[in-house]
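Chain residues, written in single-letter form:
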Amino acid sequence: MEKPVQILLVFLAFHLLGAASDKGWWSIDCGGSSSRVADGSISWEIDTNYTKAGSNMRVPQNQALEEMNTLRFFPNQTDNNCYIIPLKFPGYNYIVRAGFYYGNYDGLSKPPTFDLKLDRENWTTVNASSSVDGGLPIYHEAIYLTRSGNLTVCLVQTRDGEVPFISSLEGVPITNLYEEVLDTTTATLHLVARTNFAIPPNCHANVSIPIGYSIDIENDPPISMLFNYIESMNVSYPITLDVNLPLQYSTPLPAYFVFYFADLTSTRVRGDIRTMQIYINGQEKTTITLQVESSKGIAIYPMDVMGSTINITLIPTNQSTLPPMINGMEIFTRHDLTAQLTPPMGPYPNDISKCLPSLLVIVIHTICFVALFI
């Protein structure tokens, strides 16, 4: 059943929190030579406690993020090119993120394509072609229900002569989040898009939040996502957006959409209202109304997706006196694992979701249309 809900959503809150390891978080600098604390609060560990496979290398094409300047590569074609990470709270959902920056570390100028697995189950395919010659790091994320006391992340060579590598590996346990989406013990959410959109035809960009203004929105997204929004130039014009997916989906996959709206700067007169219908691939999904000086997160699920492009259309209703607008959006695809998972074990941190800060300055480059906020 498809239904819109306002949800509490965590944005990969791996950073800006001290003593993260006490809460079951980890940040691993793959290939790094020493542990460090970045920005006064981010504790990065070296990876030698988590894997004995592969070799370390420093990347000649430096990145601003220090963890992207080293990597571990796995030249041996075995099933044991894996990281084994002990979990403080086994049996619970974790957000897991793997980062990759090729940077021509091997001097071959041939960025590889390879597979990732979570607990021996297929996770995703990594195509490192954009992480070279001034390109950006690539990130793959999943919300995953762990099965035991350890989480295993494996890199699998799938093409002759193309060696898997990894630059960073991060994780955080979550609770009371995505509950209506993760409604079975076998569901995993894979992030395929997080974008704040380019400006389409017949639209313009506006500033959402006045300088120095603090905003309270139920999803606690980063201010950088809410700072700007796109708006139709006319109250009767729709907004049409095409989102390119990282893969060509040949069979339908259930997807989970989250839309973000924040408008705290518009000049309005008494009685103004902004009401719009959301269409996904031509199907009407919901109608939303934004109050004056309001912000909102809306989730729509499940919606089957196929192919490589998703069309989003925001159409003003006849009652709307203001044109449609939007700040940003996330898309997850949902995957059901075949293996039986174990029930939760041990105590869980109280109200850990309240401790999660907003996403720090991270670029996800797994789609062509992405514009994540650094």
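The model shown is predicted, which means the values in this text are computed figures rather than measured ones.

### Considerations on the sheet that holds strand β7 (residues 82–86)
Stage number 1. Taken in spatial order, the 4 strands line up as β7-β12-β9-β10 in an open sheet, and their pairing is antiparallel. Two strands close off the open sheet at either side, each with one partner strand: β7 and β10 (121–127). Averaged over all pairs of adjacent strands, the angle between their axes in this sheet comes to 20°, without regard to strand direction.

### Here's the deal with the pattern of salt bridges
Stage number 1. Scanning the model with the defined rule gives 9 salt bridges in all.
Stage number 2. Close ionic contact of D47 with R72 constitutes a salt bridge, the shortest N to O distance being 2.8 Å. Taken as a pair, D47 in the loop between β4 (42–46) and β5 (55–58) and R72 in strand β6 (residues 70–73) lie far apart in primary sequence, 25 residues in all. The same class applies to D47 as to R72, namely buried.
Stage number 3. Taking the shortest distance from any N to any O, the salt bridge between R274 and E231 comes out at 2.9 Å. Here R274 is found in strand β19 (residues 274–280), whereas its partner E231 is found in strand β17 (residues 228–232), with 43 residues between them in sequence. Both residues of the pair, R274 and E231, belong to the buried class.
Stage number 4. Via salt bridges that share partners, D29, R36 and E67 belong to a single interconnected network.

### A closer look at the nonpolar core
Stage number 1. Ranked by size, the top nonpolar core spans 38 residues in total, and within it F100, I166 and L169 carry the most contacts.
Stage number 2. For F100, the contacting residues outside a window of four places in its chain are M68, F114, L116, V126, S131, P137, I138, H140, L155, F165, I166 and S167.
Stage number 3. In this structure, A193, M276, M329 and I331 belong to the second largest nonpolar core, which totals 31 residues.

### Considerations on unusual backbone geometry
Stage number 1. For R120, which is not glycine, the phi torsion reads 70° and is therefore positive.
Stage number 2. As for its position among the elements, R120 is in the loop between β9 (113–118) and β10.
Stage number 3. A residue is classified by how much of its surface remains accessible, and R120, at 47% relative accessible area, is partly exposed.
Stage number 4. One non-glycine residue, N281, adopts positive backbone phi at about 50°.
Stage number 5. Counting through the fold element by element, N281 comes out in the loop between β19 and β20 (283–290).

### What about the confidence of the model for the protein chain?
Close reading of the predicted structure is inappropriate where its pLDDT is low.
Stage number 1. Residue-level pLDDT values for the protein chain average 75, and 70% of them are 70 or greater.
Stage number 2. Ranking the helices and strands of the protein chain by mean pLDDT puts strand β13 (residues 165–166) first, with 96, and strand β1 (residues 3–5) last, with 37.
Stage number 3. With pLDDT under 50 throughout, residues 1–20 is counted as low confidence; its partners more than four residues away or in other chains account for 90 contacts.
Stage number 4. Residue range residues 338–374 is modelled with pLDDT below 50. Its contacts to residues more than four positions away, or to other chains, number 114 contacts.

### What to know about the environment of Y279
Stage number 1. Relative to the helices and strands, Y279 is located in strand β19.
Stage number 2. When near neighbours in sequence (up to four residues on either side) are disregarded, Y279 contacts E284, N311, I312, T313 and I315.
Stage number 3. Engagement of the side chain of Y279 in a polar contact is seen with the side chain of E284, the distance being 3.5 Å.

### Brief notes about the sheet that holds β13
Stage number 1. Reading across the sheet, the 3 strands line up as β5-β6-β13 and stay open at both edges, with antiparallel pairing between neighbours. The strands lining the two open edges of the sheet, one partner per strand, are β5 and β13.
Stage number 2. Two strands pair when backbone bridges link them, and β5 and β6 are joined in this way by 4 bridges, in the antiparallel orientation. Paired with M57 across the strands is L71, a residue of β6.

### Observations concerning the pairing of β4
Stage number 1. Pairing of strand β2 (residues 26–29) with β4 involves 2 bridges; the strand directions are parallel. The residue bridging I28 from the neighbouring strand is E45, located in β4.
Stage number 2. Pairing geometry for strand β3 (residues 36–38) and β4, over 3 bridges, is antiparallel. Among the inter-strand pairings, V37 is bridged to a residue of β4, identified as S43.

### Considering the packing of aromatic side chains
Stage number 1. With the rule as written, the count across this model stands at 11 aromatic pairs.
Stage number 2. For the pair F74 and Y83, a centre-to-centre distance of 6.3 Å together with 80° between the ring planes defines the contact as edge-to-face. Exposure class is identical for F74 and Y83. Each is buried.
Stage number 3. Taking the centre distance of 6.0 Å and the plane angle of 50° together, the rings of Y105 and F165 count as tilted. Remark: F165 occurs in strand β13 and Y105 occurs in the loop between β8 (93–100) and β9; sequence separation between them is 60 residues.
Stage number 4. The class for Y105 is buried, based on a relative accessible area of 10%.

Cut-offs used in this document
- Residues numbered from 1 in each chain as written.
- Predicted model: local features only at pLDDT ≥ 70, side-chain atom pairs only at ≥ 80, totals over all residues.
- Heavy atoms only, no water.
- Pairing = 2+ DSSP bridges.
- Helix = DSSP H or I, 4+ residues; strand = E, 2+ residues; numbered from the N terminus.
- Axes fitted to C-alpha atoms, helices over the stretch in contact; angles between N-to-C directions.
- Salt bridge = Lys/Arg side-chain N within 4 Å of Asp/Glu carboxyl O.
- Buried < 20%, exposed > 50% of the residue type's maximum accessible area, 1.4 Å probe, protein only.
- Core = buried A, V, L, I, M, F, W, Y, C linked by side-chain atoms within 4.5 Å.
- Contact = heavy atoms within 4.5 Å.
- pLDDT = per-residue confidence, 0-100.
- Polar contact = N/O pair within 3.5 Å; in protein donor to acceptor, adjacent residues only side chain to side chain.
- Phe/Tyr/Trp six-rings, centres within 6.5 Å; stacked < 30°, edge-to-face > 60°.

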